[in-house]
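# Structural characterization, general
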Amino acid sequence: MRIGIIACEAFKRNLDHLTQGDPDVVYVEYLEFGLHMVPDNLKKTVIEKVNDLEGRVDAVLLGYGVCNSLKDITKQFRVPTVQPVGDDCIAILLTPEEYDRERKKCAGTFYNTPYFSLQGREWHEEWLRREMPNYKELGLTVDWYLEMLYNGYSRILFIDDGCGGDMGEYMDLSRQFAAELKLRHECRGGTLSVLAEALARTKELARDRADSTS
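This write-up is about the structure you can find in this document.

Reading guide: rules and limits
- Residues numbered from 1 in each chain as written.
- Predicted model: local features only at pLDDT ≥ 70, side-chain atom pairs only at ≥ 80, totals over all residues.
- Heavy atoms only, no water.
- Phe/Tyr/Trp six-rings, centres within 6.5 Å; stacked < 30°, edge-to-face > 60°.
- Buried < 20%, exposed > 50% of the residue type's maximum accessible area, 1.4 Å probe, protein only.
- Helix = DSSP H or I, 4+ residues; strand = E, 2+ residues; numbered from the N terminus.
- Lys NZ or Arg CZ within 6 Å of the ring centre and 35° of its normal.
- Pairing = 2+ DSSP bridges.
- Axes fitted to C-alpha atoms, helices over the stretch in contact; angles between N-to-C directions.
- Contact = heavy atoms within 4.5 Å.
- Core = buried A, V, L, I, M, F, W, Y, C linked by side-chain atoms within 4.5 Å.
- Expected span 1.5 Å × (residues − 1).

Okay, the packing of aromatic side chains next. Throughout the structure, instances matching the rule amount to ten aromatic pairs. When the ring of Y115 is compared with that of F116, the centres are 5.3 Å apart and the planes differ by 70°; the resulting orientation is edge-to-face. Exposure class is identical for Y115 and F116. Each is buried. Relative to Y145, the ring of W127 lies with its centre 5.7 Å away and its plane at 10°, an arrangement referred to as stacked. One end of the pair, W127, is in helix α5 (residues 114-131); the other, Y145, is in helix α6 (residues 142-149), and 18 residues separate them in sequence. Relative accessible area serves as the criterion here: at 12%, Y145 is assigned to the buried category. The side chain of R56 reaches across the aromatic face of Y27, ending 5.2 Å from its centre. Note that R103 overlies the ring of Y99, its terminal NZ or CZ placed 4.0 Å from the centroid.

With parallel pairing, three strands are arranged side by side in an open sheet as β5-β6-β7. Across the chains shown, the open sheet's two edge strands, defined by having one partner strand only, are β5 (109-112) and β7 (184-189). With strand direction ignored, the average angle separating the axes of adjacent strands in the sheet is 25°. One ladder, built from four bridges, connects β5 with strand β6 (residues 155-160); its direction is parallel. Residue N112 lies in a different strand from β6, and its bridge partner there is F158. Helix α7 (residues 168-181) rests against β5, β6 and β7 of the sheet, and its axis sits at about 170° to β6.

Our next topic: the nonpolar core. Ranked by internal contacts, the top residues of the largest apolar core, which has 47 residues, are L15, V46, V50, L62, Y64 and I90. At the level of secondary structure, the elements contributing two or more residues to this core comprise β1 (3-8), β2 (25-31), α2 (39-51), β3 (59-63), α3 (89-94), α5, β6 and α8 (193-213). In terms of residue count, α3 provides more of this core than any other element does, six residues in total. One finds L128, Y145, L146 and F177 within the second-largest nonpolar core, a separate group that totals 13 residues.

Bringing α8 into the picture now. With 21 residues, α8 extends 30 Å between its outermost C-alpha atoms, agreeing within 8% with the 30 Å of an ideal straight helix rising 1.5 Å per residue. By the burial criterion, the buried members of α8 are V194, L195, A198, L199, T202, K203 and A206. Next to the buried residues of α8 lie β1, α1 (12-19), β3, β4 (81-82) and α3.

Now for the side chain of E102. Counting through the fold element by element, E102 comes out in helix α4 (residues 96-105). In contact with E102, other than residues within four places in its own chain, are L94, Y111, R155, L157 and R188.

In this section: the sheet that holds β3. Pairing is parallel in the open sheet, where four strands are placed in the order β2-β1-β3-β4. Here the strands that pair on one side only, and so sit at the sheet edges, are β2 and β4. Pairing of β1 with β2, which is carried by six bridges, proceeds in the parallel orientation. In the strand pairing of β2, I3 is matched with V25. Strands in contact with α2 are β1, β2, β3 and β4; relative to β2, the strand with the most contacts, it is inclined by about 165°.

Treat this as a map of the structure, not an account of what it does.
Printed below as a string of structure tokens:
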């Protein structure tokens, strides 16, 4: 059986960990994280990428949550596709139940994963430069942008994504970002169980598809 993966690059570390050496996974493509900022563009891109795999794979794992525009998206695919259960990447790495619990605990939370901790200030600066290239001429600064963007936040919650390995570098970057924003910093464990369950369901779909055509 042949499995394809179309996913947000925010899940690259996690899906690479889950599928390392898996002979059933024959195609993997990670899409730019920023696509979700333009929901219609994200939806259009995801549909094109998945449908382009028609005839090349038996089933697809879609590495996206609902992300504001992908609810019921699998109905628009021409390839059997599994989407993990969760509103977004944080819900998928915490489980929806734990995500809801953390949001009730502190509504003003920025959730930091190993992937997001690597982006930090530089990612925000690049986004500001791309979306507002004349920001310096307007007398604006990256500090101003960060202050406006995170106004109302009170903590950064770092999530150990469950891939193992040394979290030291990622946690240090997360603490540094929290210090820059003057927010308290907390840590907790995450899980790969939601992604692993979605991968298992994708394999079931692929197996059924391969059996029906053999």
